[in-house]
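Inside the fold
Chain residues, written in single-letter form:
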Amino acid sequence: MSDDLPILYSFRRCPYAIRARLAVATSGVRVEFREISLKEKHPAFLQVSSSGTVPCLVADGGVIDESLDIMIWALTRNDPQGWLDMPEVGWRLIEQFDGPFKDALDRTKYAVRHPELDPLEQRAIAHRQLSDLNASIGEWVFDRPTLADFAILPFVRQFAFIDKTLFDAQPWDRLQAWLARFLSSSAFQDVMGKHAFWQTDDVAIYFP
């Protein structure tokens with residue numbers, strides 16, 4: 001590791017990687033950043049990641065292969081905005097969006113991979129969950145930004161852009177405003193910079 005910093009393997013468009021970068025950026029915990037091609041995964045990445053998926057954090061304590069765990073890792077080291085200070089229901093909401101919602105999202109977006117399923121039914125499952133969220137949130141999931149917002153928003157973003165016109169046509173004023181604020185925020189823009197795929201001899205890139 002360069003300067004003995006943790007190494008974060010990432011991929012720009014992956015919603016799991018986006019939320020990991022959001023937490024690392026907010027925490028200010030410095031890491032060495034490596035952008036990975038998911039089509040041609042670097043051998044050094046495959047040596048440390050048992051799952052071969054991003055994000056992947058290599059730190060002194062070992063390898064963390066789950067994005068939510070990376071978020072918690074960063075925020076337990078420094079949480080200046082108090083993202084971890086949220087009601088218990090926030091954890092259950094994250095679990096719902098990591099599970100049933102993400103399943104329906106993937107089965108809608110990548111319907112060709114699931115020929116046994118009706119993509120319209122899968123979209124309807126996701127729509128019901130988004131309708132419920134729209135009914136419960138204000139400017140944020142709770143009364144201020146927490147982990148729940150930034151763990152979920154990258155998935156809502158991914159679903160919205162499957163068919164943005166259809167998404168915008170839904171009666172989800174609060175949800176749509178919540179997503180729009182996120183997309184225009186410096187927090188989102190700052191973690192979406194483009195980087196070349198990492199190669200072994202590259203000069204180290206640091207983040208944030």
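Heads up: the structure comes first, above all this text.
Now for a description of the structure that goes with this document. In every chain, residue numbers begin from 1 and rise along the written sequence. For a predicted model such as this one, the threshold for reporting local features is a pLDDT of at least 70, and the threshold for listing and counting side-chain atom pairs is 80 or more; totals across whole chains, interfaces and linings nevertheless cover every residue. Derived side-chain values reflect all non-hydrogen atoms in the structure, with water molecules and hydrogen atoms excluded from consideration.

Moving on, we come to unusual backbone geometry. Following Val54, the chain continues into Pro55 via a peptide bond in cis, with omega recorded as -5°. By the element assignment, Pro55 lies in the loop between helix H2 (43-48) and strand E3 (56-59). Of note, the amide linkage connecting Phe207 to Pro208 takes the cis form, showing an omega dihedral of -5°. Secondary structure elements follow DSSP: runs of H or I no shorter than four residues count as helices, runs of E no shorter than two count as strands, and numbering proceeds from the N terminus.

What follows covers the nonpolar core. Throughout, nonpolar core names a set of buried Ala, Val, Leu, Ile, Met, Phe, Trp, Tyr and Cys residues whose side chains join them through atoms within 4.5 Å. Any residue under 20% of the maximum accessible area for its type is buried, any over 50% is exposed, and the rest in between are partly exposed; the area is computed with a 1.4 Å probe on protein chains only. Of all hydrophobic cores here, the largest spans 53 residues; its most connected members are Leu130, Phe167 and Trp178. Put simply, the parts of the chain that give this core at least two residues each are helix H1 (15-27), strand E2 (31-35), E3, helix H3 (67-77), helix H4 (88-109), helix H5 (119-136), helix H6 (147-160) and helix H8 (173-184). Among the elements that make up this core, the one with the highest residue count is H6 (10 residues). Counting residues in hydrophobic clusters, the runner-up holds 11 residues, among them Ile7, Tyr9, Phe45 and Val58.

Next up on the list: the sheet that holds E3. The sheet built from five strands is open, its strands ordered E4-E3-E1-E2-E5 with mixed pairing. Two strands bound the open sheet, and with one partner strand each, they are strand E4 (62-64) and strand E5 (205-207). The average angle at which neighbouring strand axes cross in this sheet is 30°, direction not considered. Running at roughly 45° to E3, H3 makes contact with strand E1 (7-10), E3 and E4 of the sheet. Any two strands between which DSSP finds at least two bridges are classified as paired. Note on geometry: axes are lines fitted to C-alpha atoms, helical ones only across the stretch in contact, with angles between N-to-C directions running from 0 to 180 degrees. Between two residues, a contact is recorded if the distance between any of their heavy atoms is within 4.5 Å.

Only Phe, Tyr and Trp rings take part, Trp by its six-membered ring, and two of them pair if their centres are within 6.5 Å. Stacked means planes under 30 degrees apart, edge-to-face means over 60, and tilted covers everything else. The full count for this structure, using the stated rule, is 11 aromatic pairs. Ring geometry for Trp140 against Phe150: centres 6.0 Å apart, planes inclined by 40°, an arrangement best described as tilted. You can see Trp140 sitting in the loop between H5 and H6 and its partner Phe150 sitting in helix H6, a full 10 residues away along the chain. Judged by relative accessible area, Phe150 falls into the buried class, the value being 6%. Summarising the aromatic geometry, the rings of Phe167 and Trp172 are spaced 5.4 Å apart at their centres and angled 70° between planes, so their arrangement reads as edge-to-face. Judged by its relative accessible area of 2%, Trp172 is buried. Here the aromatic cluster, defined as three or more aromatic residues joined through ring pairs, consists of Trp83, Trp140, Phe150, Phe182 and Phe188. Should the NZ of a Lys or the CZ of an Arg lie within 6 Å of a ring centre and within 35 degrees of the ring normal, that charge is described as sitting over the ring. The ring of Tyr206 is capped by Arg30, whose NZ or CZ atom sits 4.3 Å from the centre of that ring. Sitting over the face of the ring of Tyr110, Arg113 holds its NZ or CZ atom 4.0 Å from the ring centroid.

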